[in-house]
Amino acid sequence: MMMRVSKPTHATFYFFLIFISMSTFKYSYSMRNNANILCPEIEKESLLRFKQSLEDPLNQLSSWDSEVDCCKWQGVVCNNLTGHVHQLKLPNIPEYPPWIPKFEGLSGKINPSLLNLKHLRYLDLSGNNFSGELIPSFIGSLTNLKFLNLAAAGFYGKIPHNIGNLSSLCTLSLESNYWLEGDSLEWLSGLSKLEYLNMNWVNLSKATNWAQVINSLPSLLQLHFSSCQLDFVASSIDVNITSITHLDLSVNSFSQRAIIPRWIFKLRNLVYLDLSGSRFVGPIPAICNATKLQHIDLSFNYFDSSIPDWLYFCRELDFVFFSYNSIHGTISNAIENLTSLISLDLSWNNLSGRIPVSIGKLSSLEQLYIKGNKLDGVVTESHFTNLTKLVTLSASENHLTLNVSSDWSPSFQLKTLEIRSWNLGVGSKIPSWLEKQKHIETLDLHGTGITGRVPDSFWKIQELDLSDNHLTGKIPEQVHCKFLYLSSNKFSGSVPRITGGMIDLDLSNNSFSGGISHLLCDTTYETFELYFLILGKNQLSGELSDCWLKFPYLGYLNIRNNDISGSIPNSIRFLTDLWSLNLGGNKISGQVPLSMRNCTKLVKIDLADNDLDGSIPTWMGTSLFQLQILNLRSNKTNPQVCLQLHCNGYKKK
């Protein structure tokens, strides 16, 4: 599947917090080894009471022994001179992103004995499992705290307003507590030293004046409010947060399809801006003071202007994501100014005109996504002159022609190439330069008019789409692709064996012949991950082997218009995820097996033009409750559709 460079979302900042936490711990711990100062007894006893209130399935607190100086306990950092506990670092470092609930790590209640840690400046309980617990209000009395991280810890309910009493707080992260909500954010106004605020995935739908409150935080550098159910943003405010560098308001549903606030583009120190997926409409502002931008994401909105001129003069830009809008106009020659650009995504817009040759000067560019536009003209070697780092070119669904010399040897090594529907020249074969690309993982040459045979190396490409061309020859006995689409070509011979990890296989509308039992009943793998199997419109023969137990994930099966005979095997009952079954246009006989009633997710069944007999089973109207289309025409079945099917509104064809 096509992937783009991961943008530095809330996950990145979450891991950054953990890294700082662990690094500081190692340094402070090593310093303590040279000191003889013990932590105060009251602080040690308080930590032991804190431990007794918790469940510890991962033994994070196994070093907390009453006979040992608490400054030597894991996660406890003390002042080197006084022995007072300054930092409590107990994150459950995740093996997967913080927005995925883990329900492991420390659990139970947080004991108010922590109030005895009068010198505590740093508290990190992120990634643990306080599921069903409120954030304890006494945390607002830990007035020396500078760092508070409760991210992804399972807390629910309202955020206690007295966190606003922590006037020394510089960092606050509550992200990924999905059942947490902020009914108001007025309490934030007391945090004048706050530099980092992360509430991603916290429900802030009731905090309608959030922008005005945030504007009162003079020290704020980073604000992360992604997926907070915000539905209102002030269109105009006098900006006070002039120091802010990171602003993430992505994946919110601002009401009335709001126009993007102009004040955002007055933030001169912005380096990171993410407004993706928030239903903004209208033009992208024509004026922007944020010339230091390195990352801008406006994707998945409803912007309908051209690319603003100011973008081409943000010379520090690394990442530009404008996909899935209605942006029109052309790509300017001034694109050459963005010499730091690593990833450019303009896909699925209404851009037209030619791709400027100056794009070939972007020597740092690794990923270029321009698919799904109205771009036209000729693409030549000059467009790729200095793109030595290019690994992804996704430019399908345009009106482009590739014109390069037969001996062209590009300086890049691609992982993804998608040029579906490009004109490669009448009667063109697969370009020889493509065979020199040794790291290709995704290749889409769908509908490019190519002819001839497919190079052997292609059959190991993970995602390969050569559909709707004029390719000939036979396929190797086994292919190693994960997604393989070869429909509407002139391939012949036997269908190949597949690996257990293949997900999609489409060989339809070719001239394949012979049986399919070697594909279905291959004993090399106990089960297959196949989801789409499309073999329609070939010359396949033999029976449907009784091996469907091996395909537990199959959702779409189409073997229509072949020469398959025999009955529908009983093992079809194991296809419990199947939603579309098309076996029409074959010589299948017998009755519809009772075992098919287990396929309860079926929406469409097409068994037309076969030799089936008997009555339409009444269980189709009860067991297959999602069934919408049933096609049994041109069989020997009883033409009277059962009453239950008719009453449930299913369609008989």
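Residues numbered from 1 in each chain as written. Predicted model: local features only at pLDDT ≥ 70, side-chain atom pairs only at ≥ 80, totals over all residues. Heavy atoms only, no water.

Comments concerning the overall build of the chain
Part 1 of the reasoning: Helices and strands together make up the secondary structure of the chain, namely five helices and 44 strands.
Part 2 of the reasoning: Taken over the C-alpha atoms alone, the chain extends approximately 90 × 60 × 50 Å along its principal axes.
Part 3 of the reasoning: Here the chain holds 653 residues, and the buried ones make up 55% of them.
Part 4 of the reasoning: The contacts of the chain with a sequence gap of at least 6 include a subset with a gap of at least 24, amounting to 55%.
Part 5 of the reasoning: As presented, the chain carries roughly 27200 Å² of accessible surface, and 50% of it is formed by carbon and sulfur atoms.
Part 6 of the reasoning: For the chain, the distance from the average position of its 53 positive side-chain charges to the average position of its 55 negative side-chain charges is 2 Å. (Helix = DSSP H or I, 4+ residues; strand = E, 2+ residues; numbered from the N terminus. Buried < 20%, exposed > 50% of the residue type's maximum accessible area, 1.4 Å probe, protein only. Contact = heavy atoms within 4.5 Å. Areas by Shrake-Rupley, 256 points an atom, 1.4 Å probe, with all protein chains shown as cover. Lys, Arg positive; Asp, Glu negative; His and termini not counted. Charge placed at Lys NZ, Arg CZ, Asp CG, Glu CD.)

Section: the state of the cysteines
Part 1 of the reasoning: Considering all chains together, one arrives at three disulfides under this definition.
Part 2 of the reasoning: Sulfur-sulfur distance for the disulfide between C39 and C70 comes to 2.0 Å. Placement of C39 in the loop between α1 (10–32) and α2 (41–52) and of C70 in the loop between β1 (54–55) and β2 (76–78) is noted, with a sequence separation of 31 residues between them. Of the two residues, C39 and C70, neither departs from the other in class, the shared state being buried.
Part 3 of the reasoning: Covalently, C71 is tied to C78 through a disulfide, its sulfur atoms 2.0 Å apart. (Disulfide = S-S within 2.5 Å.)

Brief notes about the nonpolar core
Part 1 of the reasoning: Core analysis: the biggest nonpolar cluster contains 185 residues, and L172 and F225 have the highest contact counts within it.
Part 2 of the reasoning: Put simply, the parts of the chain that give this core at least two residues each are α2, β2, β3 (85–89), α3 (210–214), β22 (374–379), β24 (399–402) and α4 (517–520).
Part 3 of the reasoning: Here the element with the most residues in this core is α3; it accounts for four residues.
Part 4 of the reasoning: Setting aside chain neighbours within four positions, we find L172 in contact with L148, I163, W187, L188, L191, L194, Y196, L197 and N198. (Core = buried A, V, L, I, M, F, W, Y, C linked by side-chain atoms within 4.5 Å.)

Considerations on the pattern of salt bridges
Part 1 of the reasoning: Counted by the stated rule, this structure contains 14 salt bridges.
Part 2 of the reasoning: Taking the shortest distance from any N to any O, the salt bridge between K371 and E418 comes out at 3.5 Å. Of the two residues, K371 sits in the loop between β21 (367–369) and β22 while E418 sits in strand β25 (residues 416–418), which places them 47 residues apart along the sequence.
Part 3 of the reasoning: We classify K371 as buried; its relative accessible area is 14%.
Part 4 of the reasoning: For R420, the salt bridge goes to D465, with nearest N and O atoms at 2.8 Å. (Salt bridge = Lys/Arg side-chain N within 4 Å of Asp/Glu carboxyl O.)

Observations regarding the sheet that holds strand β41 (residues 611–614)
Neighbouring strands of a sheet are bound in pairs by backbone hydrogen bonds; such pairs are parallel or else antiparallel.
Part 1 of the reasoning: The strand order across the open sheet built from nine strands is β27-β29-β31-β33-β35-β37-β39-β41-β43, with neighbouring strands paired in parallel fashion. Because the sheet does not close on itself, it has two edges, and the strands there are β27 (451–452) and β43 (636–637).
Part 2 of the reasoning: Across three bridges, the pairing between strand β29 (residues 470–474) and strand β31 (residues 490–493) is parallel. Note on β31: the bridge partner recorded for K474 is S492. (Pairing = 2+ DSSP bridges.)

As for the packing of aromatic side chains
Part 1 of the reasoning: Considering all chains together, one arrives at 25 aromatic pairs under this definition.
Part 2 of the reasoning: A ring pair is formed by F130 and F155, whose centres lie 5.3 Å apart and whose planes are at 10 degrees; its orientation type is stacked. One end of the pair, F130, is in the loop between β5 (122–124) and β6 (147–149); the other, F155, is in the loop between β6 and β7 (156–158), with 25 residues separating them in the sequence. Residue F130 shares its accessibility class with F155, and that shared class is buried. (Phe/Tyr/Trp six-rings, centres within 6.5 Å; stacked < 30°, edge-to-face > 60°.)

Considerations on the environment of F458
Part 1 of the reasoning: One can find F458 in the loop between β27 and β28 (463–465).
Part 2 of the reasoning: Residue F458 is classed as buried on the basis of its relative accessible area of 3%.
Part 3 of the reasoning: For the pair F458 and M199, spaced 259 residues apart in sequence, the C-alpha separation works out to 46 Å.
Part 4 of the reasoning: Ignoring anything within four residues of it in the chain, the contact list for F458 reads I430, L434, L443, L464 and C481.

Here's the deal with a nonpolar patch on the surface
Part 1 of the reasoning: Taken together, L134, Y156 and W179 make up a surface patch of nonpolar side chains, about 330 Å² in accessible area.
Part 2 of the reasoning: Relative to the assigned elements, W179 resides in strand β9 (residues 179–181). (Patch = residues over 30% accessible without salt bridge, like charges linked within 9 Å, V, L, I, M, F, W, Y side chains within 5 Å.)

Remarks on the pairing of β22
Part 1 of the reasoning: Across two bridges, strand β20 (residues 350–353) lies against β22 in parallel orientation. Its bridge partner lying in β22, G353 is registered against L375.
Part 2 of the reasoning: Taken together, the four bridges between β22 and β24 define a ladder with parallel strand orientation. If you follow D376 over to β24, its bridge partner there is H399.

Here we look at the confidence of the model for the chain
Part 1 of the reasoning: With 90% of its residues at a pLDDT of 70 or more, the chain has an overall mean of 91.
Part 2 of the reasoning: Confidence drops under a pLDDT of 50 for residues 24–35, and excluding neighbours within four residues, the segment shows 22 contacts in the predicted structure.
Part 3 of the reasoning: Predicted confidence for residues 646–653 stays below pLDDT 50, and this span has 20 contacts to residues more than four positions away or in other chains. (pLDDT = per-residue confidence, 0-100.)

Describing the environment of A395
Part 1 of the reasoning: In this structure, A395 sits in the loop between β23 (392–394) and β24.
Part 2 of the reasoning: Residues A395 and K415 lie 20 residues apart in sequence; the distance between their C-alpha atoms is 14 Å.
Part 3 of the reasoning: A395 has contacts with I370, K371, L400, E418 and W422, leaving out every residue within four places of it along the chain.

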